Every structure is written in structure tokens, then in C-alpha cells.
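A structural walkthrough
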Amino acid sequence: MYWNKKIIIILTFVICGNCENMGIKDEKKSNNPLLAVGYFFLANNKSSVSKQDIVNSYADIAFTNYSDSVTSASNLKSAIESFIGTSGVDITNPSQVNMDAAKKAWIDARPSYLQTEIFRFAEGPIDEKLEQRKPEAGIETLINAWPLDELFVDCIIANTTNSNLTEANILNVNTSISTSNCLSFTSADKNITVGWHAIEYLLWGQDTDLAAGGSRVLSDFVGGNGTIAEKRRTYLRVIAKLLVDHLTLVRDKWDPSKPENIAISFKSNVNASLTKIFTGLAAFTKSEWGAQRLNMITSNDQEDEHSCFSDNTKADFYYDAQGFINVYNGTYKKSNGTIYSGAGIKNLAGGLDSSITTNMSLTRDNFCLNVSGANMALDSTSCASGTISGKFDQLVSNGTASSQMSILKSVQTAVITIAANIQTVAKNNGISFSAPTE
Amino acid sequence: MVLVSVHRLSKGMKMKIYLIGLISLIGISCNAFRNPQDKSSINKLMLAFTLSNKSFQLDNEELSGGDTTVFDTTSQAFQRSAQNMTDVDRLVLFARGHAVFNVTWLSPGNSANPGLGPTFNAISCNGCHSLDGRGKAVEGSVQASLLYRLSIPGIDSTTKGPLDVPNFGGQFNPNAITGVQSEGTVTLSYAEVGGTFPDGETYSLRKPTYTIALNGAIGAQPSNILVSPRIAQQNYGLGLLEAISDEVILSYVDEDDKNGDGISGKANYVYDSVDGKTKLGRFGWKANQPSINQQNQAAFLGDIGITSPLFLSENCPGYQASGNCGLSANTGKGTGQAEISQASIDALNLYMRTIAVPGRRNWTDQVVKKGKTLMMSIGCTSCHLERLQTGNFTGIVEVSNQTIYPYTDLLLHDMGSELADNRPDFLADGREWRTAPLWGIGLVRTVNGHDNLLHDGRARGFTEAILWHGGEAEKSREKFKNLSKSDRESLIKFLESL
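Calculation notes
Residues numbered from 1 in each chain as written. Chains lettered and ligands numbered in written order. Predicted model: local features only at pLDDT ≥ 70, side-chain atom pairs only at ≥ 80, totals over all residues. Helix = DSSP H or I, 4+ residues; strand = E, 2+ residues; numbered from the N terminus. Contact = placed C-beta atoms within 7 Å. Core = buried A, V, L, I, M, F, W, Y, C linked by C-beta atoms within 7 Å. Buried ≥ 20, exposed ≤ 12 C-beta atoms within 10 Å, placed from the backbone. Domains from an automatic or database assignment. Pairing = 2+ DSSP bridges. Expected span 1.5 Å × (residues − 1). Axes fitted to C-alpha atoms, helices over the stretch in contact; angles between N-to-C directions. Parallel < 35°, antiparallel > 145°, perpendicular 65-115°, else oblique. Left-handed = near helix turned anticlockwise from the far one by under 90°. Nonpolar A, V, L, I, M, F, W, Y, C, P; charged D, E, K, R; others polar.

Secondary structure summary: chain A contains 16 helices and 6 strands in total. Of the contacts made within chain A by residues no fewer than 6 positions apart, 72% connect residues no fewer than 24 positions apart.

This is the structure we're talking about:
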């Protein structure tokens, strides 16, 4: 027994003595060079702007931005009704001019929505579940889910009657309107029937080539009672209205004048709200913007792009970056051109500010917005050198070695650097924080 | 040479050098303890700990995954990059792998991410390993994260593994893309079976029944079909387990129980599809996969129906080849092209190999420490080995040369008739299962909202999981049952701290 004890003591001693050599560090003592800069400036981030100001500005920008998005989505709904009529006055023989106008309205409505994406993952209104949807899904899934299963949408339209295409039925995809032909699998992710990309698919159609956007033709919407065109019109009308309804739900939660608002309590719980803000920023940068949206870098899949039907993906990246810039700087340019100017994360960033500012500008400005018109052709906008000037699907199909792809890779590096910096900023400011991902 | 200059070094450095000398000496003794023939020595050692009332606490044991360990107690705890992954280029690769993990796959014919099916279990990795976590067993017919391996008696001539069921293959796929027949239906039901601890406390276990009805339109269900239910496991720490050398794992093998401690420890040797050779198996419930690379690509094919560079042919056995595969061919990738690129597989492999292991909570708590001592003293750690050392993993510096606390030996053990699936899998017989790693397991409830444990998720929490242990673990289980209620609770507190 005595012998055994001695061995134990020596063993314990050896294990302890060895720890230093093993280089084990706790989380606080990271050797990350990105983090080290932050620690250095920790003492210097005193600022006249308070955390309260930052939380206030975040909530104000959210409300203003979602308000703009509701307005632009309403414009889209109006343009779609001009194209195919209302439920009372159906247009059986719609025009190309109005179809093009509806497509333009979709393109025009995207920037304000894309800027709101930065408010995701922060336990805010956009992350809530909506019970009307079966299977239950987050409201964001109903607004902007991707990728869209086009064949599922086509199958529903083909296999049901026009009168069955009601709001409730389109939302409740598991029972009323889907048939065994369409649905073999219960999944909120797969059974996407509504939102921006469903509308995009209805307007542009499937995109399988590099020449232009999707292959939808006007005649897909032309036809009287009992035709598939009639059902397509009904479906598009319903999902255009649902988009406005769902965005309105989110906006109203940020509207301090509405009884259901969360804005007032959000502003009064500064520390909890700041944690939510950082959690959201880190998740969106690290997991969504910096990862999922850039999956094409490894997949090399030509249509692995967020707005694949319209070919509008460069705008997705541009305005997602703008959304980050808004929250970071605490500023927002409203649709009517006026500028909101408040406090942002910038005021807490200390020595990391210049890295974040440089990188966030790069993530936006590397995308040259030169795709326009109803069929999203490249226009003559001159693009600065070093920016992505070609169409997005062409960039992907050109493969991983192309110079345009290397620009995209540099964007990913910048976003992931921002994600790491944001985590450090949170830590430096004593904000209880753990970087979540989707 | 070093010793010559000892007098010129600082006191601390001198101490270190002396320690190196000591380590060399002790190393010999340690190796003796690792040898299964000397397991009795380990038992003596443990007895010594108990009698001397010392704690089993090891320095840094809270760093379950060594330098990769991250302390996060939120629902995101299983998705963090290794703590020692700090270079932004590595973080970018990690992010790319995470994106692949989350991709939603769609039916062929869609514009984006086509290739799902023709038959499948899920449409994304995350669909079963939710938040890189553990699947849940659900009574009824919807089995989101529980899959079923199928076979008939016999051995495959190429792989030496299980023999596929004609027309259905080696895995049951209850879902199918539009226009394709699914492979059938399955129903899970539970019967409560009561029991009593010696101290009078009662418990109830749920005994599962699986009813599989294969689709007769595809083929007949063989009367001798073998079915093995398996739940999705957590994904962290896999690179560390892969970085443990074969030699270290094999040093714990005691297949014929030569040391007479009742614990065997058997290595599974499995087919490596990369080079067609036989390799030590270390992943999966029966250690039937030799590498993360193969595990990932096999899961893409078997679970989602995505062809990959390693498995280029769709999963369309027998009858299904005529109809199902035709419908899944239109992926826009061309004949002989994988539906997922090598670059995406590379990114996913890196991701799966470098997810941080969650660090411990409350490891200095007196109750937790007592629970650990009890766990060791009743013999659980004969298989759930506390501490292992990883070797060099070329290209994955984060997981190389780490001291880790995984609580597994990665070997097969007879777990008794109650847990048996009676379906052989390479060298694993119908009663044998791989020792499940226990690191991070206390956070499953936080991440996945449940505490379903064991290979098919039948156990509701740690106590039930222990009570299901039979075979080689029966003695330990009985010792657990005979502990006082407060000691049992201490042991569970320890498991919750992992």
C-alpha cells in the first residue's frame, strides 16, 4: 500500500510538472494575434457614447429599416397586382411591360430588406416562430428562406385547385394542398412555399444557364379559368401579400407606439440587449454571411447563389454588408434619402476599429452593382478594378482559380476577420458573450 | 548533453529537466499499467486512491479537449472552432466546412444544391446532428435523427462487412424525392419496465420495439433481416479521437480477457474504401468507420443520397436502380461527377476535425469530485478511459499532441443481451458496442433539449443509461445500484460536469 501511494504522489507531480510543457491555456489567454490587439486597447476604449446610446440606436435603426422594407415590399405587391390583377379582378392576359415592372419592383425592394438581415440571430422579432406555419418555422424562414425547392412549388400549383390556394393552405403545407406527389418529407427547411425567393421564382423561373436569369416567360401567366396560369397568378398574389404581412409583423414589434412592441423593453435592458446585439452580429458574420452565403467557394455549383433566379446575388452581398455597416456605425440612410445618425458598436471597438472599418468597406465595395433591368443583364456601369464585375453565376462557374473568385475569397476572409474582431470587442467590454452559429 | 549544462540554468528549468528524467523513469511504470495484463495493478492503484481518501482530480482535467477546449454553456456549445485555431485562414476553412454542414440539399432538377436522394433520411447534416449535437428518439413513425442499419446474415465478399439486404442495401431510407418509392415505414414504441434499487428506490426503463415494414413494391422483406437502430451522435472532438495512434488504442485491447478483470476491449477492423485495405475502426456506434473522411462521405450517400468523390454511385440497390436512379441523375453535374465537390468534402473534414470539445463545468465542486472517485472505484473507467494522448495529425495541428479526457477506449465491449442489436458489423458481434465518449455529454440537454442516451436514445438520462449496461459492464452496474442514493447522485453530478 505504501508503495502504491508513493507512485501516486510521483505520478501527480509528473503530470503537474508537465502541464506547462503541454501549453494548455485557458480561454482568456488566447494567443490570437487578432485578439491581442484588442487587449492592448482595452484600457483606451472609454468613450463619451454610452451603451444606452448604442442600444437605442440599434432599436431605432431596426424600426426605421423594417419600416422601409414594409414600404418597398408593399410597392412590390402593388406592382404584382398591376401585372396579374387582384383576387377580385384577375387579369387573364397580363402584359410583358407589367411583368418587367413587377421584376423591377422586386429588385428595388431587396436593398432595404437585405440591410435588416443584420438584426437576425439576436433573439429579436425576426427570430420568432410563427405558429400558422406547419411545420412550425421561424418568421425569417417565411420571409427569406433559401434554397427554394422549385419543384415542390410547381408540384403544389399543378396538383391543387385554384380555390384551394388560400393563404392558410399555402402556409400549412403539410395537410391541405400538398399531395403525396409533392411531399414525402416533413421538413420546415424543405417545404418552402413563401417569401422573397418564392416570389423571385414565380417572376423569373428556373435558372439553369449562364446567359441570363431564369427562364420564366409571360405566357406562363396567360390563361383563363381552370388553367395552370390562373393558379400561378393566384399563388403569386397570395405570397406577395404574405410577404408584406410577415414583414409588418416584424416591423410592428420594433414600433414603440404599438402595444406588442419589444422596442421599449429592449432599450431599458441595456446589458441584456447589448449581449443580444453582439450575439446576433457574431452569428450573422461567422455563420451566415461569412459561411453559408459563400458556400459556392467550395461547392463550385453554378446556381449555389442566394438570388439564383434573378441573378441579383451581388446585391445580396452588397446590402448585407451595408446592414453591418449601419449597425456598426450607428447610422442609416432611409429610403427617402434622409440620414439617421446615432451611436454604434464602433464606439466600443477601441483599437480594433480600423481593422473592422477597413474590412467592412471591402465586403461591400468589392461587389460592383452592374446587373440591372428586368432580365438582369450587365449594364455599362464601370467597375473599379479589383471588384467583382461579372455576373455571380459566371464567377462561380469559372472555377476556383479565377481572379474574380479570389476577390470573393478575400471577402470571406474579411467577414471572418470581422467575426473574430466582434467577439474580441464584446469580451473587451465585459459583455457576456458566446459566439453562436446557426 | 542537456544534463551537463544543468548548473547554468534557472531553478525552474533545472526542476523541469529533473522532471523529464523522472517522466522517463515513470514512463516505464505507466506503460506497465497500460498493458492489459497488468490491469490488476491499476485496480490496486485505484484502491489506494480510495483508501487514502485522495481525489482523482487531475490538473487541467477541465480541458476535456486539451488546447481545443472552449468554455461555452449555451446551445452553441458544440459548434465552436477549436480554441487553438486562431489563424484567420484556418477560421475561414472552418467556416466553409460549417456551411457545407448546413447546406439544405434539394431534389435533382432544382437550380441550387441539387442531388438529394433518390431515397434519404435527412436533407442536411444538421437535420440529424442538430447544432452538431445529438439526435432524439421519438415514439411513433417520424424518425428524424434515428436511422436503421439493415443486413442479412453473412459477410460481404469485398468489404468483409455486413451483407446488404437485396433491393434495399445496408441502410433504411424512409424518405424519397418526388416520384420515387420510399423504402418503407418504421414505427418505434416503448414499454415501461420497472425496477428497484437495493435501497428501495424505484426506476423505470423504456424498452423499445422497432417495427420495420419494407416497401413491397421495391422488394420482399427477408424473414432473417437484421436491424440496428442508431442515433445521431455529437460531432465535437472527432479530430482528436482520429489523432490517437493505433498503437495507443491497441494497447488497451484484451480480447480474451487475459488479465481476468472481466473487461475485454476488442478492436474492430473495417474496410477502408479509399485504398481497399483493412483498418482499425474507431468511429460510429460499432467503430465501423476508419476515418472522418470516410464517415462523412458515407453519411452523405447513406443519409442524404449525395454522391461524393469517394462514393460516386447513387444508393440504388437492386430493383431501385431501374426507377429511382434514373430520376436522381439530373443533377447538372454530368455522368460520373460527384454531387458534392472534393473542395466541399475537404472543408467539411476540416470542420468535423476541429470542432472544439466543450470544457468542464463545476470540476472542483466537492460532490462532482466525489462522483468521479465513485465512478472510478466501481470500474466505469476500465472502458470509459479518462485520459489519452493524441499523436501527430498531419495538417491538423490543432488536434496534434494533445492530452485529452474523452472517457472512451474506442474499443468494442459486450454490453449484454438487453442492448444487443444482434447484427454483426465487421468484427463487432451483435452484443458489442464501442465505448461511447462521455466528454461534453453533460451539455446535450442544453444544446439539444433532451437527455436521450445510448445507441438508440432509449435512456432518459444518465441513471437509465447506466442501468441498461450489461455484459462486461454488469458488475459495475450492480455496484452502481448498490451505492447509496446520495452516492448515485454524486456520480450523476460528475457526468453532468463533463
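There is more to say, and it comes next.
Turning to the nonpolar core, a few remarks are in order. Residues and elements named next belong to chain A. In terms of nonpolar packing, the biggest core is built from 228 residues, with A198, I199, I239 and L243 touching the most fellow members. Of all the elements, helix α3 (residues 51-84) adds the most residues to this core, at 15 residues. Among the domains, domain 1 (61-253) and domain 2 (263-428) are the pair contributing at least three residues each to this core. Contacts of L243, omitting those with residues within four sequence positions, involve A73, I143, G195, W196 and I199.

Another point: the pairing of strand β6 (residues 202-214) of chain B. Residue and element names in this part refer to chain B. Summarising the sheet, strand β5 (residues 184-196) and β6 pair through 13 bridges and their orientation is antiparallel. Bridged to L188 within β6 is Y210. Count of turn residues in the β5/β6 antiparallel hairpin: 5 residues, of which G200 carries a positive phi of about 100 degrees.

Right, let's talk about helix α8 (residues 342-354) of chain B for a bit. The first and last C-alpha atoms of α8 of chain B sit 18 Å apart over 13 residues, in line with the 18 Å expected at 1.5 Å per residue. Here α8 of chain B lies mainly inside the structure; 10 of its 13 residues are buried. Among the residues making up α8 of chain B, those that are buried are S344, I345, A347, L348, N349, L350, Y351, M352, R353 and T354 of chain B. The inward-facing, buried residues of α8 of chain B abut α12 (296-299) of chain A together with α3 (88-102), α4 (238-242) and α6 (292-304) of chain B.

Before going further, it helps to examine the sheet that holds strand β7 (residues 226-231) of chain B. All names here are of chain B. Taken in spatial order, the 3 strands line up as β3-β2-β7 in an open sheet, and their pairing is antiparallel. Edge strands, defined here as strands with exactly one partner in the open sheet, are β3 (162-163) and β7. With 2 bridges joining them, strand β2 (residues 146-155) and β3 adopt antiparallel strand pairing. Bridged to I155 within β3 is P162.

This part covers the domain arrangement of chain A. All names here are of chain A. Domain boundaries in chain A define domain 1 (61-253) and domain 2 (263-428). When each unit is reduced to the centre of its C-alpha atoms, the spacing between domain 1 and domain 2 is 24 Å. Counting residues at the interface gives 36 residues for domain 1, matched by 35 residues for domain 2. For the side of domain 1 that touches domain 2, the leading source of residues is helix α4 (residues 96-116), giving 11 residues.

To continue, consider the environment of K286 of chain A. All names here are of chain A. Secondary-structure assignment places K286 in helix α11 (residues 270-289). Overall, the presence of 28 C-beta atoms within 10 Å leaves K286 in the buried class. It is 16 Å that separates the C-alpha atoms of K286 and Y328, two residues lying 42 residues apart in sequence.

The geometry of a pair of packed helices is captured by two quantities: the angle between their axes and the separation between those axes. All names here are of chain A. Put simply, α4 and helix α8 (residues 196-204) touch, their axes get as near as 10 Å, and they point 160 degrees apart. Classified by the angle between their axes, α4 and α8 sit roughly antiparallel to one another. The chirality of how α4 crosses α8 is left-handed. Side by side, α4 and α8 meet where A102, K103, W106 and Y113 of the first sit next to W196, I199, E200, L203 and W204 of the second. Its residues placed into classes, the contact of α4 with α8 shows 7 nonpolar, no polar and 2 charged.

All right, on to unusual backbone geometry then. As a rule of thumb, non-glycine residues mostly have phi less than zero, and peptide bonds are mostly trans rather than cis. With omega at 5 degrees, the peptide bond leading from W146 of chain A into P147 of chain A counts as cis. Note that P147 of chain A resides in the loop between α5 (139-144) and α6 (150-159). One non-glycine residue, D311 of chain A, lies in positive phi territory at about 65 degrees. Position of D311 of chain A relative to the elements: it lies in the loop between α12 and α13 (313-329). Among the residues examined, D311 of chain A registers 25 C-beta atoms within 10 Å and is labelled buried. Although it is not a glycine, D257 of chain B sits at a positive phi angle of roughly 50 degrees.

Take α8 of chain A next. Residues and elements named next belong to chain A. The buried count for α8 comes to 9 of 9 residues, which makes it a mostly enclosed element. Those residues of α8 that sit buried are W196, H197, A198, I199, E200, Y201, L202, L203 and W204. Contacts from the buried residues of α8 go to α4, α5, α6 and α9 (228-253). One or two steps after α8, the chain reaches G205, where phi turns positive at roughly 80 degrees.

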